[in-house]
Structures are given as C-alpha cells and as structure tokens.
Amino acid sequence: MGAYHRVESTRKPEQAVYDDIILAGDGWMRDLESGQVLRIVDLEGNQAADTLFYDADRPEDHYAAAATIARQGNIYLTTGSVLVAESGKELLTIVADTCGRHDTLGGSCSAQSNTVRYAHEKEHMHNCRDTFMLQLAKRGGDYGKRDLAPNINFFMNVPVTSQGGLKFDDGVSSPGAYVELQSHGRTTVLISNCPQLNNPCNAYNPTPIRILIWNE
Ligand SMILES: [Zn+2]
C-alpha cells in the first residue's frame, strides 16, 4: 500500500521556537509562518493526532483529503507527501517521518460515530469533532461547522481490507515516533489529540503528544 519513506530529522528540540505538550483529549490551534516546520511527537506510542490545516489568509481554503490522495496516488502519507488545499494550493510537505503510516480516510471521532461504532452510552464521551469545534469557537472569526473537513489522523493505522472496507487496527507507531511538516505559506494548524477510550489505534489508552516548531 505504498512505500514508507523513513526520514529522521536533524532538527534539535533546544533550537525550536515553540515546544509544548497536548494532553489526550485536548485541542490546539496555531498559525505557522511560511517556511516554519511543525513536528508532532507521539510521546508514548499508539496515539492518534487528528489534524486539519487551513490557508491562514483564506481559512475557507482548507486541507483537502481527496486532492491530497489523488495528487500522490496513495491513501497513506509519509515523507515527501504534499498536503494540498481544496484550491490545489500546496499547504505543507512532510519532511520527516519515523512512524510510517498516517491515515487520510478514517476521519475524526464524533458523538455520532462513537454511538454507531461502540455503544449508545458513548454518546457523551469527549470526541475529536467537539474538540475541533471548541478550538474553532475560541479562535473566533468566521470559523464554524462548515470548516470541519475530512482530516488527517497522524499515527493512526487504518488498513484497507481486500473487500475495500476500513479497519481500525492497533497502531504502527511507537514511543517517540514523529512526523515533521514544513509549511509552504502561512498555514493554520488545528489538532485534536484524540480522547478515544474505545479505539485500538491508541491501545485504549490515550496519551499526550508533543508539538515543536522551528523557524525552518
Ligand atoms: Zn478522536
């Protein structure tokens, strides 16, 4: 299902201009300047970092899963993958990857999907869709529900079966695995560090992720 292109980064954490932890279940939203590099670290392994990107100057132009998949001819992302927006604009390129597989199809968890996949009483659990909405609301401006598009699940393992179905499998990530993306222009990043307690992708144990940013 496409070659994993393992590339380690030479960037040093002590040279980062930003360094913070997102706890499981929490959200994060921030702008990258042109050329800045974002690293997302799966601190304990098997976590899922649900992520969306926007052109910071034209937020209605968000990450486009279908265009990104078509562009690279692969449903999984790894080093060299270019993430494009609905307009076709190149938002970011993955410049390092020590995990190997990042899901583009599974989407984020929601009250509805938790109910359908697991049980009706899961409806009130924390979920990534609500975390996204909370971050967008805190950001203000014109952001709303329509700005929630199919997202990337970094570190999440969603194999496609021979029948064409999707499975949510145990993760392929490991403690300390990371993905690094360089922004082509000013790009807004929206992350929900998945709070899912029902999903084998994070081994039923949601854990923190670390975010670092370098100027280039
Ligand atoms: Zn989630």
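Okay, so let's go over this structure. (Residues numbered from 1 in each chain as written. Predicted model: local features only at pLDDT ≥ 70, side-chain atom pairs only at ≥ 80, totals over all residues. Heavy atoms only, no water.)

Notes on the overall build of the chain
Part 1 of the argument: Along the chain, the regular secondary structure elements total three helices and 13 strands.
Part 2 of the argument: For the chain, the C-alpha radius of gyration of 16 Å lies close to 17 Å, the compact-globule estimate for 216 residues.
Part 3 of the argument: Judged by the C-alpha coordinates and their principal axes, the chain covers about 45 × 40 × 35 Å.
Part 4 of the argument: In the chain, which comprises 216 residues, the share counted as buried stands at 55%.
Part 5 of the argument: Within the chain, one finds 19 positive and 27 negative side-chain charges whose respective centroids are separated by 1 Å. (Helix = DSSP H or I, 4+ residues; strand = E, 2+ residues; numbered from the N terminus. Rg over C-alpha atoms; globule rule 2.2 N^0.38 Å. Buried < 20%, exposed > 50% of the residue type's maximum accessible area, 1.4 Å probe, protein only. Lys, Arg positive; Asp, Glu negative; His and termini not counted. Charge placed at Lys NZ, Arg CZ, Asp CG, Glu CD.)

Quick word on the pattern of salt bridges
Once the charged atoms of two side chains with opposite charge are near each other, the side chains can pair.
Part 1 of the argument: Scanning the entire structure with this criterion turns up 12 salt bridges.
Part 2 of the argument: Counted as one network, the salt bridges with shared partners bring together Asp31, Glu33, Asp57, Arg139 and Arg186. (Salt bridge = Lys/Arg side-chain N within 4 Å of Asp/Glu carboxyl O.)

A short note on the sheet that holds strand S13 (residues 209-214)
Part 1 of the argument: Reading across the sheet, the six strands line up as S1-S13-S3-S11-S8-S7 and stay open at both edges, with antiparallel pairing between neighbours. The open sheet has two edge strands, strand S1 (18-22) and strand S7 (82-84), and neither has a second partner. Strand after strand, the sheet turns through a mean of 20 degrees between neighbouring axes, direction not considered.
Part 2 of the argument: Relative to S13, S1 is paired through five bridges, and the arrangement is antiparallel. (Pairing = 2+ DSSP bridges. Axes fitted to C-alpha atoms, helices over the stretch in contact; angles between N-to-C directions.)

Remarks on the nonpolar core
Part 1 of the argument: Residues Trp28, Leu38, Ile40, Phe53, Phe154, Ile191 and Ile211 are the most contacted members of the largest nonpolar core, which totals 37 residues.
Part 2 of the argument: If you tally residues by element for this core, the top one is strand S4 (residues 49-55), at four residues.
Part 3 of the argument: Excluding residues within four positions of it along the chain, Trp28 makes contact with Tyr18, Ile22, Leu38, Gln135, Val189, Leu190, Ile191, Ile211 and Ile213.
Part 4 of the argument: Residues Val41, Tyr178, Leu212 and Trp214 belong to the second largest nonpolar core, which totals seven residues. (Core = buried A, V, L, I, M, F, W, Y, C linked by side-chain atoms within 4.5 Å. Contact = heavy atoms within 4.5 Å.)

A few points about the coordination of the zinc ion
Part 1 of the argument: For the zinc ion, the full set of protein donor atoms is Cys109 (SG), Cys128 (SG) and Cys194 (SG), at a range of 2.2 Å.
Part 2 of the argument: In the primary sequence, the donor residues of the zinc ion line up as C-x18-C-x65-C. Residue Cys109 is found in the loop between strand S9 (102-103) and helix H2 (111-117), and its partner Cys194 is found in the loop between strand S12 (187-193) and S13; the two are separated by 85 residues along the sequence. Accessibility assignment for this pair places Cys109 and Cys194 in one class, buried. (Donors = N, O, S within 2.8 Å, 3.2 Å for Na, K, Ca; no water.)

Some points on the packing of aromatic side chains
Part 1 of the argument: Tallied over the entire structure, the rule returns two aromatic pairs.
Part 2 of the argument: Across the ring face of Tyr178, the terminal group of Arg39 is positioned such that the distance to the ring centre comes to 4.4 Å.
Part 3 of the argument: Lying over the aromatic face of Tyr76, Arg101 brings its terminal NZ or CZ to 4.1 Å of the ring centre. (Phe/Tyr/Trp six-rings, centres within 6.5 Å; stacked < 30°, edge-to-face > 60°. Lys NZ or Arg CZ within 6 Å of the ring centre and 35° of its normal.)

Things to note about the pairing of strand S5 (residues 58-62)
Part 1 of the argument: Of the strand pairs in this sheet, S4 and S5 are connected by two bridges, and their pairing is antiparallel. Following the sheet pairing, Tyr54 is matched in S5 by His62.
Part 2 of the argument: Counting the residues between successive antiparallel strands, the hairpin from S4 to S5 contains two residues.

Notes on a nonpolar patch on the surface
Part 1 of the argument: A cluster of nonpolar side chains, contributed by Ile21, Leu23 and Leu43, occupies part of the molecular surface with about 240 Å² of accessible area.
Part 2 of the argument: For Leu23, the position within the fold is in the loop between S1 and strand S2 (27-32).
Part 3 of the argument: Here Leu23 falls in the partly exposed class, since its relative accessible area comes to 48%. (Patch = residues over 30% accessible without salt bridge, like charges linked within 9 Å, V, L, I, M, F, W, Y side chains within 5 Å. Areas by Shrake-Rupley, 256 points an atom, 1.4 Å probe, with all protein chains shown as cover.)

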